Amino acid sequence: MPDHPAGEFVIPSDLEAARRVQEEIEAVVKTAFAEHEAFAVKMAVEEALVNAIKHGNQMDPDKSVRVAYALKPDRFDVRITDEGPGFNPEDVPDPTAPENLERPCGRGLLLIRYYMSEVAFQDSGRTIAMYKRRDGSK
Amino acid sequence: MSQQPRRRRLEVEDSGDVAVVNFVDKKILDEQNIQMIGDDLFRLVDELGRRKILLNFGNVEFLSSAALGKLITLNRKVQAVRGKLVLCNISKEIREVFEITKLDKLFTILPDEQSALQAF
């Protein structure tokens, strides 16, 4: 494996394809991150991929998801882009509010923000760019 | 590959009138798996009439928010029949997922199977 592994994939809107990406990323992250940090990245990537495929592309087989990652000396960067209509992250209701606590969905973004060091949305919400610092802190 | 063979995803044992459920999979992850795990869990209540359910997460290393959604629906079903759902043996990492989402307030979570069985 190179010193600073990086990769880019274009996958169909298919959860099986997402799992293969997830497995590659997990293997790379595990070489450099402590177990709890690897868990954090895995959670964020899983939630972001599912969001891109289900909510962004609406499982449309004609639409793709682009995933790019890079393991750097101090952090792990990942960027996921879908071909959906985009969204405003501000419009997503707080899933921890008492009135939303029993809703079966809507927790992905909360988990992504919690587990990653920095999260940004670009291109009207079609791209999520995030990184995890490798220093034991959040 | 979009179809997975139908296989057992839960191991259910009885302890008195409590259905003790162990997950076969270490990662409750991909959508189809979650759907099937959800269906199997719901069947316990809807078809088999179980009212006391203990989920043992001892074997589970990872779960996503979609799996949390299934647990919430299961909890609702159990409450609707005036039953009780208890979760136990959850790893530190997964416990944190429940805390972040504040679902530790919604579910009864106990450290091990023995203490969980006493909660019914």
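All figures in this text were calculated on a predicted structure; none of them were measured in a lab. Position numbers for residues count from 1 along each chain, tracking the sequence in the order it is written. Chain A is the first chain written and ligand 1 is the first ligand written, with later ones labelled in order. Confidence filtering applies because this is a predicted model: local features only for residues at pLDDT of at least 70, side-chain atom pairs given and counted only at 80 or more, and all residues used for totals across whole chains, interfaces and linings.

With that settled, the discussion passes to the interface of chain B and chain A. Any two residues are considered in contact once their C-beta atoms, placed from the backbone, lie within 7 Å. The partner chain A presents 20 residues to the 21 residues of chain B that form the contact. Helix and strand labels come from DSSP, where a helix needs a run of H or I of at least four residues and a strand needs a run of E of at least two; each type is numbered from the N terminus. Within the residue set of the side of chain B that touches chain A, elements represented by two or more residues are α1 (31–46), α2 (65–80) and α3 (92–100) of chain B. It is α2(B) that contributes the most residues to the side of chain B that touches chain A, seven residues altogether. Classification used: nonpolar for Ala, Val, Leu, Ile, Met, Phe, Trp, Tyr, Cys and Pro, charged for Asp, Glu, Lys and Arg, polar for all others including Gly. Residues that form the side of chain B that touches chain A fall into these classes: nine nonpolar, seven polar and five charged.

Turning our eyes to something else, we now look at helix α3 (residues 108–115) of chain A. Between the buried cut of 20 or more and the exposed cut of 12 or fewer other C-beta atoms within 10 Å of a residue's own C-beta lies the partly exposed class, and all C-beta atoms are placed from the backbone. Those residues of α3(A) lying buried are Gly108(A), Leu109(A), Leu111(A), Ile112(A) and Tyr115(A). For α3(A), the buried positions fall inside an angular range of 160 degrees around the axis, keeping them on one side. On its buried face, α3(A) is in contact with α2 (35–56), β4 (118–122) and β5 (127–133) of chain A together with α2 and α3 of chain B. This arc is built from the directions going out from the helix axis to the C-beta atoms.

Right, let's get into unusual backbone geometry. Residues and elements named next belong to chain B. With a phi close to 60 degrees, Asn-89 is a non-glycine residue in the positive phi region. Looking at the secondary structure, you find Asn-89 in the loop between β6 (84–88) and α3. Here the phi dihedral of Lys-102 falls at roughly 65 degrees; this positive angle occurs in a residue that is not glycine. Considering the arrangement of structural elements, one finds Lys-102 in the loop between α3 and β7 (108–110). According to the C-beta neighbour criterion, Lys-102 is partly exposed, with 17 such atoms within 10 Å.

Turning to α1(B), a few remarks are in order. Residues and elements named next belong to chain B. A helix's residues, less one, multiplied by 1.5 Å, set its expected span. Its 16 residues give α1 an end-to-end C-alpha distance of 22 Å, which sits within 8% of 22 Å, the value for a rise of 1.5 Å per residue. The set of residues buried in α1 consists of Ile-34, Ile-37, Gly-38, Leu-41, Leu-44 and Val-45. Across the axial projection of α1, the buried residues extend over an arc of 110 degrees, all falling on one side. With respect to the buried face of α1, the exposed residues turned more than 90 degrees away are Gln-35, Asp-39 and Arg-43. Buried residues belonging to α1 abut β1 (10–15), β2 (18–23), β3 (27–28), β4 (52–56) and α2.

Overall, the prediction assigns chain B a mean pLDDT of 92, with 95% of residues at 70 or greater. Both scores are given for the predicted complex: the pTM is 0.92, the ipTM 0.91. The score called pLDDT rates the predictor's confidence residue by residue, from a low of 0 to a high of 100.

In any sheet, the strands associate via hydrogen bonds between backbone groups, in a parallel or an antiparallel arrangement. All names here are of chain A. DSSP bridges decide pairing: two strands pair if at least two such bridges lie between them. On the basis of which strands lie adjacent, the open sheet formed by five strands has the order β1-β2-β3-β5-β4 and antiparallel pairing. Looking at strand neighbours, the two that pair on one side only are β1 (6–12) and β4, the edges of this open sheet. The average undirected angle you get between the axes of adjacent strands in this sheet is 10 degrees. Every axis in this analysis is a line fitted to C-alpha atoms, fitted for helices over the stretch in contact. Angles between the N-to-C directions lie between 0 and 180 degrees.

This brings us to the nonpolar core. Connectivity within a nonpolar core runs through C-beta atoms within 7 Å, and the core itself is a set of buried Ala, Val, Leu, Ile, Met, Phe, Trp, Tyr and Cys residues. In this structure, Ala44(A), Leu49(A) and Leu54(B) are the most contacted members of the largest nonpolar core, which totals 67 residues. With 12 residues, α2(A) is the largest single contributor of residues to this core. Residues within four places of Leu49(A) in sequence aside, it is in contact with Ala18(A), Val21(A), Gln22(A), Val65(A) and Ile80(A).

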